[in-house]
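Coordinate inspection notes
Now for the letters of each chain:
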Amino acid sequence: MRQAKSELRAAVRQLKQQHTPAQLAGWSSRLLERLEDHPAFRQARTVLAYYALPDEVQTQAWIERWKEQKEWLLPVVKGDDLELRRYTGRQDLRPGAYGIEEPVGQPFTDYDRIDLVLVPGVSFDAAGNRLGRGKGYYDRLLPRLPRARRIGICFGFQLSGHIPTEPFDLPMHEVWTENGSIPPTYEEE
């Protein structure tokens, strides 16, 4: 299974190299503008998102645009885990692990207050399964967010027919691309 995952990561990495930063930025804007109409986003008070790496859906400007209307949380890499912190503005970010801008300040641990989590991924499938970068950060974080609606976001070319999963993997409730929602077959219990 590890080989299948590593092969899929390599294939998606090659696909990403076929697109310019301007294309990725345009698709990012289109995806996030569509997501603004989602009832889960409109109703959410506390949203966990991420500051993107150059090859991910670019969330930075979008978070900034909505920072006064919602409480935003961003992950901070701490060893093998993600610690959550409030986003208070670009002025309070510092370069962290992997060169990603991370918020300073006190950790946020009131996980039941998180209404929505936007999850990046290397690839997703129609069942809501996610392939990450292989470090397991989100695998360890998502089970701690039982109330949050999990929406995976990626570019359309990152969708796969099937993502190999482990017993501990939590599927997304939905997956979104620049073309809109991919309805997963996952059903809430």
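This text gives an overview of the structure that appears in the document. (Residues numbered from 1 in each chain as written. Predicted model: local features only at pLDDT ≥ 70, side-chain atom pairs only at ≥ 80, totals over all residues. Heavy atoms only, no water.)

Counting its regular elements, the protein chain contains five helices and 12 strands. Against the globule reference of 16 Å for 189 residues, the protein chain gives a C-alpha radius of gyration of 16 Å, in line with a compact fold. The proportion of buried residues among the 189 residues of the protein chain is 49%. Here the analysis covers contacts within the protein chain between residues at least 6 apart in sequence; of these, 67% occur between residues at least 24 apart. Here the protein chain has roughly 9,700 Å² of accessible surface; of this, 49% comes from carbon and sulfur atoms. Once the 26 positive and 27 negative side-chain charges of the protein chain are each reduced to a mean point, those two points are 2 Å apart. (Helix = DSSP H or I, 4+ residues; strand = E, 2+ residues; numbered from the N terminus. Rg over C-alpha atoms; globule rule 2.2 N^0.38 Å. Buried < 20%, exposed > 50% of the residue type's maximum accessible area, 1.4 Å probe, protein only. Contact = heavy atoms within 4.5 Å. Areas by Shrake-Rupley, 256 points an atom, 1.4 Å probe, with all protein chains shown as cover. Lys, Arg positive; Asp, Glu negative; His and termini not counted. Charge placed at Lys NZ, Arg CZ, Asp CG, Glu CD.)

Per the stated rule, a full pass over the model turns up nine aromatic pairs. Following the ring pairs from residue to residue traces out a cluster consisting of Phe41, Trp62, Trp66 and Trp72. (Phe/Tyr/Trp six-rings, centres within 6.5 Å; stacked < 30°, edge-to-face > 60°.)

Using the criterion set out here, one finds 13 salt bridges in the structure. Among the salt bridges present, the one from Glu36 reaches Arg65, with a minimum N-O distance of 1.9 Å. Of the two residues, Glu36 is situated in the loop between helix 2 (21-35) and helix 3 (39-43) and Arg65 in helix 4 (residues 60-66); the sequence distance between them amounts to 29 residues. A relative accessible area of 16% means that Glu36 is categorised as buried. Where salt bridges share partners, they join Lys16, Asp55, Glu56 and Arg133 into one cluster. (Salt bridge = Lys/Arg side-chain N within 4 Å of Asp/Glu carboxyl O.)

Empty space within the largest pocket amounts to approximately 780 Å³. Around the largest pocket, the lining comprises 35 residues; the ones closest to its centre are Arg130, Gly132, Arg133, Gly134 and Lys135. Within the residue set of the lining of the largest pocket, elements represented by two or more residues are helix 1 (2-16), strand 2 (71-78), strand 9 (130-131) and helix 5 (137-141). At four residues, helix 1 tops the list of elements feeding residues into the lining of the largest pocket. (1 Å grid on protein atoms, 1.4 Å probe; cavity = no way out; pocket = protein on both sides within 12 Å on 5 of 7 lines; lining within 4 Å. Points joined across faces, edges and corners; volume = space filled by probe spheres on them.)

Turning next to the nonpolar core. Core analysis: the largest hydrophobic core is formed by 48 residues, its most contacted members being Ile114, Leu118, Leu145 and Ile153. Apart from the residues within four sequence positions on either side, Ile153 is in contact with Leu31, Leu32, Leu35, Tyr50, Val57, Thr59, Leu118, Val119, Pro120, Gly121, Phe124 and Trp176. Listed in part, the five residues of the second largest apolar core include Leu8, Val12, Val122 and Leu131. (Core = buried A, V, L, I, M, F, W, Y, C linked by side-chain atoms within 4.5 Å.)

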